[in-house]
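# Fold and geometry: a report
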Amino acid sequence: MTIQWFPGHMTRAKRQIEEKLKLIDVVFELLDARIPQSSRNPMIDEITGSKPRLILLNKADLADPVQTEAWARYFRDKGHATHAIDANIGTGVKDLAGKSKELLQEKIQRQISKGMKPRPLRALIVGIPNVGKSTLINRLAGRNIAITGDRPGVTKGQQWIRFGGELELLDTPGILWPRFDDPVAGFRLAATGAIKEEILHIDEVACFVLKILVERYRPAMEERYGLEDLPTELPDMQAAIDVLENIGRRRGCLVSGGNVDYEKAATLLLRDLRSGKLGRMTLESPE
Ligand code: GDP
């Protein structure tokens, strides 16, 4: 699904989330653990306001565990509760009720001291397209439900999904727009598949990602593609093209005449990265 975000769409998305915020106790802000900064909506603080928020580093199964730990520390240092999950398999998902309770401890205590019986906490998932919102909702629901995040008349027809006795989740997530301000973030988003390659050219995305992968994960790259003596960094575009060409040759991505089909090589590289075949890799580190 490609959504073209125009100012009108953003205003509407923001308003829809603000409507939903009235119904809930806690926001689950879903980020891609491989690109936590680039997959973050730039206006998230303004949109969610004072609502308690739990940052979820999703797709942690695909991310470098050392980096995920570093990112979790980074966000916690900034005062955000943070938790790594894998919505596909469900790793970490069962902790969400407990984490939410921790976050809302004071409110719960106040209710108890007034003699009230605490009701289940109500949560809303927000995040940019493709970050795993539907997958997490289905995981919590324990079944596949049709998810339409973009209905008019937001508060109508929405359902609560019960998760244990302590947590309820709104079945329509808040869809946020990705960053547009930063071209590097754009390439990282394209590399993970969060935005479509038609927007950025696929061999350009592959060359961009090769620079990162060679710098950070050279041994894994050498092993996967049978490359020897990769340089420790790729100083320019030409160096990246050379590596892509090598990968193409190794993998038989050729056109007639024996030249490398760069687009095919780029597709192969990105597919390997996205599926985790290259190993667990994170494309950006906390500043
Ligand atoms: P949404 O647009 O935010 O609702 O994203 P989806 O739930 O449709 O997920 C986008 C893609 O990411 C799908 O192919 C999911 O299978 C995949 N995905 C979601 N969560 C995870 C995860 O934790 N690990 C992995 N490996 N893939 C995931």
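Along every chain, residues carry numbers that run from 1 in the direction the sequence is written. For a predicted model such as this one, the threshold for reporting local features is a pLDDT of at least 70, and the threshold for listing and counting side-chain atom pairs is 80 or more; totals across whole chains, interfaces and linings nevertheless cover every residue.

What follows concerns the overall build of the chain. Summing up its helical and strand segments, the chain has 10 helices and 7 strands in all. Our radius of gyration looks at C-alpha atoms and nothing else; its globule reference is 2.2 Å times the residue count to the power 0.38. For a compact globule of 287 residues, the expected C-alpha radius of gyration is about 19 Å, and the chain comes in at 21 Å, within 12% of that figure. Principal axes of the C-alpha set define a box for the chain whose edges measure 80 × 35 × 35 Å. Here exposure depends only on C-beta density: within 10 Å of a residue's C-beta, 20 or more other C-beta atoms make it buried, 12 or fewer make it exposed, and intermediate numbers make it partly exposed, the C-beta atoms being placed from the backbone. Burial statistics for the chain: of 287 residues in total, 39% are counted as buried. Runs of H or I in DSSP of at least four residues are treated as helices and runs of E of at least two as strands, each being numbered from the N terminus.

Turning our attention to the packing of helix α8 (residues 202-225) against helix α9 (residues 237-250). In this description, a line fitted to the C-alpha atoms serves as the axis of each element, helices being fitted only across the stretch in contact, and the angle between N-to-C directions of two axes falls anywhere from 0 to 180 degrees. As a packed pair, α8 and α9 sit with axes 9 Å apart at the nearest point and diverge in direction by 60°. The orientation of α8 with respect to α9, classified from their angle, is oblique. Between α8 and α9 the crossing geometry is left-handed. Along the contact surface, α8 presents D203, A206, C207, L210, K211, V214 and Y225, while α9 presents M237, A240, I241, V243, L244, I247 and R250. When the residues that make up the contact of α8 with α9 are grouped by side-chain class, the tally is 11 nonpolar, no polar and 3 charged. Any angle that falls under 35 degrees is termed roughly parallel, while one over 145 is termed roughly antiparallel, one within 65 to 115 roughly perpendicular, and all others oblique. A clockwise turn of the near helix away from the far one marks a right-handed crossing, whereas an anticlockwise turn of less than a right angle marks a left-handed crossing. Distance between backbone-placed C-beta atoms decides contact: two residues are in contact if it is within 7 Å. For this classification, Asp, Glu, Lys and Arg are treated as charged, while Ala, Val, Leu, Ile, Met, Phe, Trp, Tyr, Cys and Pro are nonpolar and the rest, including Gly, are polar.

Let's shift gears to the UniProt feature "binding site: GTP" (unreviewed entry) in the chain. On the UniProt side, "binding site: GTP" (unreviewed entry) is annotated at positions that read N58, K59, A60, D61, N130, V131, G132, K133, S134, T135 and G174 here. Across 117 residues, the annotated set is spatially dispersed, with a maximum C-alpha separation of 23.5 Å. Positionally, G132 belongs in the loop between β4 (121-127) and α6 (133-141). In this structure G132 comes out as buried when scored by C-beta crowding, with 23 C-beta atoms within 10 Å. Beyond its immediate stretch of four places on either side in the chain, G132 contacts L30, N58, K59 and A87. Mapped onto the fold, G174 is located in strand β7 (residues 174-175). Sequence-distant contacts of G174, that is, excluding residues within four places in its chain, are made with Q16, I17, K20, L124 and V126. UniProt positions are given in the numbering used here, feature names are shortened, and annotations may be inferred rather than shown by experiment.

This part takes up the site of the ligand. Whether a residue is near a molecule or strand depends on its C-beta atom, placed from the backbone, lying within 6 Å of it. Residues in close proximity to the ligand total 15 residues, the closest being N88, G132, K133, S134 and T135. Tallying contributions element by element places α6 first for the shell around the ligand, with 3 residues.

Moving on, we come to the domain arrangement of the chain. Domain start and end points were adopted from an automatic or database domain assignment. Looking at the chain, the domain boundaries give domain 1 (7-175) and domain 2 (201-275). Put simply, the middle of domain 1 and the middle of domain 2, counted by C-alpha atoms, are 36 Å apart.

Moving on, we come to helix α3 (residues 65-77). Given 3.6 residues per turn, any residue in an α-helix points the same way as the ones three and four places further on. Expected helix span is taken as 1.5 Å per residue step, with the number of steps being one fewer than the number of residues. Relative to the 18 Å expected for 13 residues at 1.5 Å per residue, α3 spans 18 Å between its end C-alpha atoms, a close match to the ideal helical length. Restricting attention to buried positions, one finds in α3 the residues Q67, T68, W71 and A72. In an axial view of α3, the angular spread of the buried residues amounts to 140°, which keeps them on one side of the axis. Within α3, the exposed residues directed more than 90 degrees away from the buried face are V66, E69, R73, R76 and D77. Directions drawn from the helix axis to the C-beta atoms are what define this arc.

Counting 72 residues, the largest nonpolar core has L57, A191, V205, A206, V209, L210 and L244 as its most contacted members. At 11 residues, the largest contribution of residues to this core is made by α8. Two domains share this core, each providing at least three of its residues, namely domain 1 (7-175) and domain 2 (201-275). Here, a nonpolar core means buried Ala, Val, Leu, Ile, Met, Phe, Trp, Tyr and Cys residues linked by C-beta atoms lying within 7 Å of one another.

Here we come to the environment of N41. Inspection of the secondary structure assignment puts N41 in the loop between β1 (26-32) and α2 (44-48). Sequence separation between N41 and L176 is 135 residues, and the spatial gap between their C-alpha atoms is 6.4 Å.

Look at α8 against helix α10 (residues 262-275): their axes get within 10 Å of each other, and the N-to-C directions meet at 55°. Considering their axes alone, α8 and α10 lie oblique with respect to each other. Handedness of the crossing formed by α8 with α10: left-handed. Here I202, D203, V205, A206, V209 and R224 of α8 come into contact with α10, specifically with Y262, E263, A266, T267, L269, L270, D272 and L273. Looking at the contact of α8 with α10 residue by residue, the classes come out as 9 nonpolar, 1 polar and 4 charged.

Residues other than glycine seldom take positive phi values, yet K59 does so here, at roughly 60°. The residue K59 is located in the loop between β2 (53-58) and α3 in this model. When the 27 C-beta atoms within 10 Å are taken as the criterion, K59 is described as buried. Residues other than glycine seldom take positive phi values, yet D229 does so here, at roughly 55°. Looking at the secondary structure, you find D229 in the loop between α8 and α9.

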